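# Remarks on the overall topology
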Amino acid sequence: ASRRGQSIMGSRVYVGNLSWHTSWQSLKDHFRQAGEVVHADVMQHDGRSKGCGIVAFATAQEAANAIATLGETELDGRTIFVREDREAAPPTAGSGGRARAGTVQTSGCQVYVGNLPYTTSWKELKDHFKVAGNVTHADVAQDGGGKSRGFGTVLFGSTREAAKAIQIFNESEFHGRTIEVRPDQYS
């Protein structure tokens, strides 16, 4: 199973700046230009598109091809951006692309980090929180234009590590701002 997990890693891309009207099917169709798409999903909240999605390819080479060739292309009237997906979980088998991305969850425990400086990158967030334990994923929320929304999430390998992060970092200073760290209610 671990070998299969390694082969899936790197074969997924994150797609941002999607039109609210883009469906998982049109996303999948657009990305077939880069290779064999095994899963495509448009992330949603309360039944509405969040303007981003995930596309999983059969190989990491196809994912790299998608990043190289489909970034800055137009889909449903919007110029999309494409980057490697930093999520640790492979798509669930048999979902047909219709499952909400939020339902694909890795094991572990996620914390919400609020009041981040708008210049904070996911990498800086991940590096800062490594003190508390094994960070499997970190992300900074962005608006449709790719600008930070001033908050993010950090996924830890265990509940104990997440609790330690809350204890260490809640109401601490990060790049000149007092951050809020608490359990993520949406994970």
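This text gives an overview of the structure that appears in the document. In this text the structure is predicted, and so the values were computed from the model without any measurement. (Residues numbered from 1 in each chain as written. Predicted model: local features only at pLDDT ≥ 70, side-chain atom pairs only at ≥ 80, totals over all residues. Heavy atoms only, no water.)

### Some points on the pattern of salt bridges
- For the structure on display, the rule yields six salt bridges.
- Here D85 ties to R12 by a salt bridge, and the two come within 2.6 Å at their closest N and O atoms. Of this pair, D85 sits in the loop between strand 6 (81–84) and strand 7 (109–114) while R12 sits in strand 1 (residues 12–16), and the two are 73 residues apart along the sequence. Here D85 and R12 have matching classes, each one buried.
- With a closest N to O distance of 3.9 Å, R83 and D139 form a salt bridge. Taken as a pair, R83 in strand 6 and D139 in strand 8 (residues 135–142) lie far apart in primary sequence, 56 residues in all.
- On the accessibility criterion, R83 (18% relative accessible area) is buried.
- According to the relative accessible area criterion, D139 is partly exposed, its value standing at 22%.
- When salt bridges with common partners are traced through the structure, they connect K123, D127 and K130 into a single cluster. (Salt bridge = Lys/Arg side-chain N within 4 Å of Asp/Glu carboxyl O. Helix = DSSP H or I, 4+ residues; strand = E, 2+ residues; numbered from the N terminus. Buried < 20%, exposed > 50% of the residue type's maximum accessible area, 1.4 Å probe, protein only.)

### What to know about the pairing of strand 3 (residues 48–57)
- Along strand 3, eight of the 10 residues are buried, which leaves the element largely enclosed by surrounding structure.
- In terms of strand pairing, strand 1 meets strand 3 through five bridges, oriented antiparallel. Within the sheet, the bridge partner assigned to G16 lies in strand 3 and is C52.
- With seven bridges connecting them, strand 2 (residues 37–45) and strand 3 associate as antiparallel partners. (Pairing = 2+ DSSP bridges.)

### Here we look at the packing of aromatic side chains
- Under the defined criterion, the tally for this structure stands at five aromatic pairs.
- Aromatic rings pair up to connect F129, F156 and F169 into one cluster.
- When the ring centre of Y14 is taken as reference, the NZ or CZ atom of R83 above it lies at 4.1 Å.
- Over the aromatic face of Y112 sits the side chain of R182, whose NZ or CZ is 4.0 Å from the ring centroid. (Phe/Tyr/Trp six-rings, centres within 6.5 Å; stacked < 30°, edge-to-face > 60°. Lys NZ or Arg CZ within 6 Å of the ring centre and 35° of its normal.)

### Overview of the sheet that holds strand 7
- The four strands lie next to each other as 8-9-7-12, forming an open sheet whose pairing is antiparallel. The open sheet is flanked by strand 8 and strand 12 (180–183), the only strands paired with a single partner. Between one strand axis and the next, the sheet turns through 20 degrees on average, direction left out of account.
- Judged from the six bridges that link them, strand 8 and strand 9 (residues 148–156) form a sheet pairing that is antiparallel. Bridge assignment links V140 to a residue of strand 9, and that residue is G152.
- Along the sheet, helix 4 (residues 122–129) makes contact with strand 7, strand 8, strand 9 and strand 12, crossing strand 8 at roughly 140 degrees.
- The strands touched by helix 5 (residues 159–169) are strand 7, strand 9 and strand 12; relative to strand 12, the strand with the most contacts, the crossing angle is about 155 degrees. (Axes fitted to C-alpha atoms, helices over the stretch in contact; angles between N-to-C directions. Contact = heavy atoms within 4.5 Å.)

What is shown is where atoms sit, not what they do.
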